[in-house]
Each structure stands twice: as structure tokens, then as C-alpha cells.
Amino acid sequence: MSIENVISSAIIRSFSEKLLDHLTLDVAIVGGGPSALVAARYLSDAGLKVAIFERKLAPGGGTWGGGMLFNEVVVQEDAIYLLDAFHITHRPIPDAPGYYTLDSVEMASGLIFGALKSGAKLFNSVSVEDIVFKEGKVNGLVINWTPVERLGMHVDPLTVIAGAVLDGTGHPSEIIHLAAEKAQIKLNTPTGGILGEKPMWVDNGEAQTVENTQEYFPGLFACGMSANNVAGGYRMGPIFGGMLLSGHKVARLMIEKLKK
Ligand code: 48H
């Protein structure tokens, strides 16, 4: 076989094996932002089979650009243990004890690397366009290539089946929206619906991100900004401790539920 064909057939075979091996999952994660990447790492560390489906070519979500494209972010003391666990460098802010700055590119790449090294698989340029909903429970995801979605091509999707689904889609809470609208489910919120994200209030937003991280319907969890949007929390700007802690919390909740 020519080297040209060796390369092509190796890639096709290897990718096909990876996808086939991940059509049935313990946890299917939608979105590869910071909260989801932390969740993926701890879920995988617990021995669960995990895959992340990320719409964009580069996972990392809203981390790369820091604050207004100044590629630095802030993390507070409570979440520093997570940066250490991913070997991400941080520096104390001299006039603000308990707060640290870090390079947003190092954070994005460090979280991605840590999640993958734990065994989670990542399928990028894949958009989740629907959920599998059977017998009153969320059972998996409906996936398609992002270019198919972007070009509006009329191409039917494929599916993955999962013990639980994690909505890590950030501000829009796309998967919970889909579930609420198409499956017409009542969510675990005061109104049974999506309350919507509130404006900026940094400390409140950070605390609420962690509080709002939970199971919103049997088999359907939310973390990060998605959880805040569903439960009506404030936004917080380019501080990421809440996102990291949310990912760790949701991993603990999902492990507890799935291991029962
Ligand atoms: C596949 C999808 C789909 C889909 C979306 O927004 P993210 O970075 O997620 P979080 O919640 O972990 O982090 C939020 C943070 O980045 C942020 O925005 C903050 C702190 N904002 C504060 C403020 O005040 O604005 O990442 C979500 C990811 C993205 O990469 C999307 O491409 C992806 O999810 N995604 N992937 N199928 N249907 N929808």
C-alpha cells in the first residue's frame, strides 16, 4: 500500500473504531467548555465511559479569549486546587488576596489535555441537534457534523446512547431548551421552566453557578453557564472558579447517580 493510502486508511479506521466504541456511554457531554472539561476528567477518573461532543473545531469554549480578548482570566482561591490538579500555572493578584490571574490559552489547553488524558474522548466539529427521549427519560444525543448544520444541508443525524447527559453548552443551555420544548418536560426549577440568565453580579454569579449545578430532569444534568441560565443565576464575566467548581460538582453528582 502506498504511504498516502496508509495514512488515509489508518485515520479512517482509527476514527471509526473510536466512534463505534463510544456509541454507548455512561455520560454524554454536550460542549467542551471549562465546566464540561473538568466534569469529563473526574467522571473518567471514576471509571465511567465519557465522550464530549463539541460544535467547534477547537474545544475550550469561552476560555481562549480571556476578558475582551486580553488573554488572561481570574480564578479565586476556592478553585485553585483544580488548576493545580490540571497543572495550570497561576499568579496571585498583589492587591486582591485570594484572587489569581492565569493565561487563558494555558487554561484552555490544560483543561483539554487533562480531560483527554483521563480517558474521556472528544468529538469536535460535532453538533448535538436533539436528544433521544424514551419512556420519559433522556437516553442519549442526536449528533451531526457542524458543517452539515452550518450549511443547512438536509442530512439525517446519528445517535449515541448514554446513562446520563450533561448540558455544558454555556449561556444558551441548548440541550435543556431542546428537552423542555420538544419533549415538553417539567424541569427541576421553581417554575418547571427555564428562568433565564440575569445580568452581571460577579460574586453572586460565581456562587450561583455552583449552587445551580444539578440534575434538572432524570438523566439530564447541567453545569457552568448553562446551569445558571436554567436556574436564573447572574453572570460573572472572565472569572472562572465557578465554572471549574461546577464541573467538579456535577461529576460528583453524576458518579453518585450512575454508580447506584
Ligand atoms: C455541541 C455545543 C452545542 C451543541 C454549544 O460557554 P462555554 O465556555 O461553557 P461553560 O459554561 O463551561 O463556561 C462558560 C464561560 O466560558 C463563560 O461564557 C463565562 C464565564 N461567561 C461569563 C459572562 O459573564 O459572560 O462552552 C460551551 C461549549 C462551546 O464550546 C460551544 O461551542 C459548545 O459548548 N456547544 N457543542 N453541540 N448543541 N452548543
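Quick caveat, the model's predicted, so the values are computed rather than measured.

Parameters at a glance
- Residues numbered from 1 in each chain as written.
- Predicted model: local features only at pLDDT ≥ 70, side-chain atom pairs only at ≥ 80, totals over all residues.
- Heavy atoms only, no water.
- Near = heavy atom within 4 Å.
- Polar contact = N/O pair within 3.5 Å; in protein donor to acceptor, adjacent residues only side chain to side chain.
- Areas by Shrake-Rupley, 256 points an atom, 1.4 Å probe, with all protein chains shown as cover.
- Helix = DSSP H or I, 4+ residues; strand = E, 2+ residues; numbered from the N terminus.
- Nonpolar A, V, L, I, M, F, W, Y, C, P; charged D, E, K, R; others polar.
- Contact = heavy atoms within 4.5 Å.
- Axes fitted to C-alpha atoms, helices over the stretch in contact; angles between N-to-C directions.
- Parallel < 35°, antiparallel > 145°, perpendicular 65-115°, else oblique.
- Pairing = 2+ DSSP bridges.

Draft legend 1. How the structure looks around the site of the ligand. The environment of the ligand is made up of 27 residues, and the closest members are S35, E54, G62, R235 and G237. In the environment of the ligand, an oxygen atom lies 3.5 Å from a nitrogen or oxygen atom belonging to the backbone of M236. A distance of 2.8 Å separates an oxygen atom of the ligand from a polar atom in the backbone of G237. In isolation the ligand exposes 800 Å². Once the protein is present, 92% of that is buried. When contributions to the shell around the ligand are tallied by element, the ones reaching two or more residues are α2 (34-45), β2 (50-54), β7 (126-134) and α8 (224-231). Counting residues per element, the shell around the ligand draws most heavily on β7, at three residues. For the shell around the ligand, the residue count by class is nine nonpolar, 13 polar and five charged.

Draft legend 2. Seen up close, the side chain of Q208. Structurally, Q208 can be placed in helix α7 (residues 202-211). Filtering out sequence-adjacent residues up to four positions away, Q208 remains in contact with N228, G233 and Y234.

Draft legend 3. How the structure looks around the packing of α7 against helix α9 (residues 241-258). Two elements in contact, α7 and α9, have axes whose closest approach is 8 Å; the angle formed by their N-to-C orientations is 10°. Accordingly, the angle class assigned to the pair α7 and α9 is roughly parallel. Residues E206, T209, V210 and E211 of α7 form the contact with α9, whose participating residues are G241, G242, M243, L245, S246 and K249. Residues belonging to the contact of α7 with α9 are distributed by class as follows: three nonpolar, four polar and three charged.

Draft legend 4. Here's a closer look at the sheet that holds strand β4 (residues 91-92). With antiparallel pairing, the three strands of this open sheet are ordered in space as β3-β5-β4. What marks the edges here is a single partner per strand, and that holds for β3 (72-76) and β4. This element, helix α4 (residues 104-117), spans β3 and β5 (99-103) of the sheet and lies at about 80° to β5.

Don't take any of this as a statement about function, it's just geometry.
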